[in-house]
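For reference, the chains in residue letters:
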Amino acid sequence: MLTKTKQNKQLFDKFAAITERHEMAKLFGQSPIGVPFDEILSPTRARCAGREIVLVGTNNYLGLTFNENVRQSMIKSVETHGSATTGSRQANGTYSDHARMEKELRDFFEMESAIVFTTGYQTNLGAISALASGEDHILIDADSHACIYDACRLTDAATHRFRHNDPENLEKRLKRLPDTGGRLVVVEGMYSMFGDVAPLAEMVEVAHANNAMIFVDEAHSVGCFGENGRGIAEAQGVLRDVDFISGTFSKSFASIGGFCVSKHPEFESVRLTSRAYMFTASGAPANVAAARAALKELKAAPELRDSLWTMSNRLHDGLSKMGYDLCAPASPVIAVRRPDEATAVAEWNKLFEQGVYVNLAVPPATPSGTSLLRLSVSAAHTEEEIDQVLKAFSSLS
């Protein structure tokens, strides 16, 4: 019989390699994993490790986390409803704001159905795994987010990957499928690591021509793209053609939570079949209230998107002129490709020492084993802050 010590060691053995990589990263200075911020001063500034820093890695695209209407809505909700629902949506966890948010999302996207989930990750997990099962087929872009891959693991439907942003490869894979079962194509609007955008209009055409529905994760693109901020589907003129759109409250909506909308009224059945929806506590009322207020700001202030794109273009152009290898054209996510992981970690620390916080993105979290310094721009950034970021990058060479 194995001793308790031996048993525990066996459980932890699989973590040895990644733990060693993390310890090596710390040799360069500040650990880039889970940096503790002492105080958040604004959407773009924080105090951390004794210094004030510019935040260029928060996904706070519209800069609404300190918006007065958003904050006051959250405070009022806590005073009215308390801190949490302590129950699932199917039990006691559907409050008035959950229902109102779903109606407002239906109206905003001009869809027939909307379901609010507790987190963005859970949204894809719950919606995709409920929609496809048995003899169905799910076709996912190879660069899909982890939650999309995990959703596929939760279902017994067959999963097929196609080459990133490649409609022709998608069509080839669709044509190889048997006639039995349903078909669900899953892509993202803007991909979170590289900041590149899907050729969505072509994807929709290919999917529907081959008897498939299409599911678009617009987590990073709602609020940023489209005349009304409704994402890549709106920007490319196919909003009415997409079958399902998922999103999150943790980016442009300045809160926590997630949602999925659909042009199909039958999508409401997911409430009765999705385990990730049925068996977890609903989002805190205050978080939903904040997201509702953020949606109102998003609709009322298109100048936020204008500012976001002005700052994104300024940062992208500046880094390009310095000769940095950028992964995609200008977007709210700007990914700087680095030659290897050690270089990326060392440069992340140098930027931090100069008062600039970016995201470090290294394998296995990145496509194709790429090491990145990942920046996300906010509408709240000023020209002076963008120039401070550029000055810090100029010192790396």
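Residues numbered from 1 in each chain as written. Predicted model: local features only at pLDDT ≥ 70, side-chain atom pairs only at ≥ 80, totals over all residues. Heavy atoms only, no water.

Draft legend 1. Expanded view of the sheet that holds strand β11 (residues 333–338). Reading across from one edge, β11-β14-β13 is the order of the three strands in this open sheet, with antiparallel pairing throughout. Looking at the sheet topology across the chains shown, the edges are occupied by β11 and β13 (359–361). Taking the axes of each pair of neighbouring strands and ignoring which way they run, one obtains an average angle of 25° across the sheet. Where β11 and strand β14 (residues 371–376) come together, six bridges link them in antiparallel fashion. Among the inter-strand pairings, Ala-335 is bridged to a residue of β14, identified as Arg-374. (Pairing = 2+ DSSP bridges. Helix = DSSP H or I, 4+ residues; strand = E, 2+ residues; numbered from the N terminus. Axes fitted to C-alpha atoms, helices over the stretch in contact; angles between N-to-C directions.)

Draft legend 2. How the structure looks around the sheet that holds strand β3 (residues 51–55). Pairing in this open sheet of four strands is mixed, and the strands run β1-β2-β3-β12 from one edge to the other. Two strands close off the open sheet at either side, each with one partner strand: β1 (39–42) and β12 (356–357). Pairing of strand β2 (residues 45–48) with β3 involves four bridges; the strand directions are antiparallel. The residue bridging Cys-48 from the neighbouring strand is Arg-51, located in β3.

Draft legend 3. Region of the structure containing unusual backbone geometry. Residue Pro-364 is bonded to the preceding Pro-363 through a cis peptide linkage, with omega at 10°. Within the secondary structure, Pro-364 sits in the loop between β13 and β14. The phi angle at Ala-49 is positive, at roughly 50°, despite the residue not being glycine. With respect to the helices and strands, Ala-49 occurs in the loop between β2 and β3. The class for Ala-49 is partly exposed, based on a relative accessible area of 46%. Phi is positive for Ala-254, which is not a glycine, with a value near 55°. Using a relative accessible area of 15% as the deciding quantity, one classes Ala-254 as buried. (Buried < 20%, exposed > 50% of the residue type's maximum accessible area, 1.4 Å probe, protein only.)

Draft legend 4. How the structure looks around the pattern of salt bridges. Following the criterion strictly, the structure yields 20 salt bridges and no others. In this structure, Arg-47 and Glu-39 form a salt bridge, with 2.7 Å as the shortest nitrogen-oxygen distance. On the accessibility criterion, Arg-47 (33% relative accessible area) is partly exposed. In this structure, Glu-102 and Arg-271 form a salt bridge, with 3.1 Å as the shortest nitrogen-oxygen distance. (Salt bridge = Lys/Arg side-chain N within 4 Å of Asp/Glu carboxyl O.)

Draft legend 5. Focus on the state of the cysteines. The tally for this structure, following the rule as stated, stands at zero disulfides. Cys-260 forms no disulfide, and the closest cysteine sulfur to it belongs to Cys-147, at a distance of 11 Å. According to the relative accessible area criterion, Cys-260 is buried, its value standing at 0%. (Disulfide = S-S within 2.5 Å.)

Draft legend 6. Local environment of helix α4 (residues 96–109). Counted at 1.5 Å a residue, the expected span for α4 with its 14 residues is 20 Å, and the 20 Å between its end C-alpha atoms agrees. Of the residues making up α4, those classed as buried are Asp-97, His-98, Met-101, Glu-102, Glu-104, Leu-105, Phe-108 and Phe-109. The buried side chains of α4 occupy one side of the element, clustering within an arc of 165° when seen end-on. A positive backbone phi angle near 55° is found at Glu-110, which sits one or two residues after α4. (Expected span 1.5 Å × (residues − 1). Arc of directions from axis to C-beta.)

Draft legend 7. Representation of the pairing of strand β7 (residues 183–188). The buried count for β7 comes to six of six residues, which makes it a mostly enclosed element. Alternating residues of β7 divide into Arg-183, Val-185 and Val-187 and Leu-184, Val-186 and Glu-188, and every residue in both groups is buried. Where strand β5 (residues 137–141) meets β7, four bridges bridge the pair, whose relative direction is parallel. Residue pairing for β7: Ile-138 is matched across the bridge by Leu-184. With five bridges joining them, β7 and strand β8 (residues 213–217) adopt parallel strand pairing. Bridged to Glu-188 within β8 is Asp-217. In this view, the connection linking β7 to its parallel neighbour β8 by way of helix α8 (residues 200–209) has right-handed handedness. (Right-handed = clockwise from strand over helix to strand, strands pointing away.)

Draft legend 8. Spotlight on the packing of aromatic side chains. Counting across every chain of the model gives 14 aromatic pairs. Residues Phe-249 and Phe-259 carry aromatic rings whose centres are separated by 5.9 Å and whose planes lie at 25° to one another, so their mutual orientation is stacked. Here the residue Phe-249 occupies a position in the loop between β9 (244–248) and β10 (258–262), and Phe-259 occupies one in strand β10, the gap between them amounting to 10 residues. Comparing Phe-249 with Phe-259, the two get one shared label, buried. (Phe/Tyr/Trp six-rings, centres within 6.5 Å; stacked < 30°, edge-to-face > 60°.)

Draft legend 9. Representation of the side chain of Ser-282 within the structure. Along the chain, the position of Ser-282 falls in the loop between α10 (275–278) and α11 (285–300). Polar side-chain contacts of Ser-282 include one of 2.8 Å to the side chain of Thr-85. Within the local environment of Ser-282, its side chain forms a polar contact with the backbone oxygen of Gly-93, the two atoms lying 2.6 Å apart. Sequence-distant contacts of Ser-282, defined by excluding residues within four places in its chain, comprise Thr-85, Gly-87, Ser-88, Arg-89, Gly-93, His-98 and Thr-118. (Polar contact = N/O pair within 3.5 Å; in protein donor to acceptor, adjacent residues only side chain to side chain. Contact = heavy atoms within 4.5 Å.)

Draft legend 10. α8, seen in detail. Taken together, the buried positions of α8 are occupied by Leu-200, Met-203, Val-204, Val-206 and Ala-207. Burial along α8 is one-sided: seen end-on, the buried residues are contained in an arc of 170°. For α8, exposure combined with an orientation more than 90 degrees from the buried face picks out Glu-205 and Ala-209. Positioned one or two residues after α8, Asn-211 has a phi angle of 60°, which is positive.

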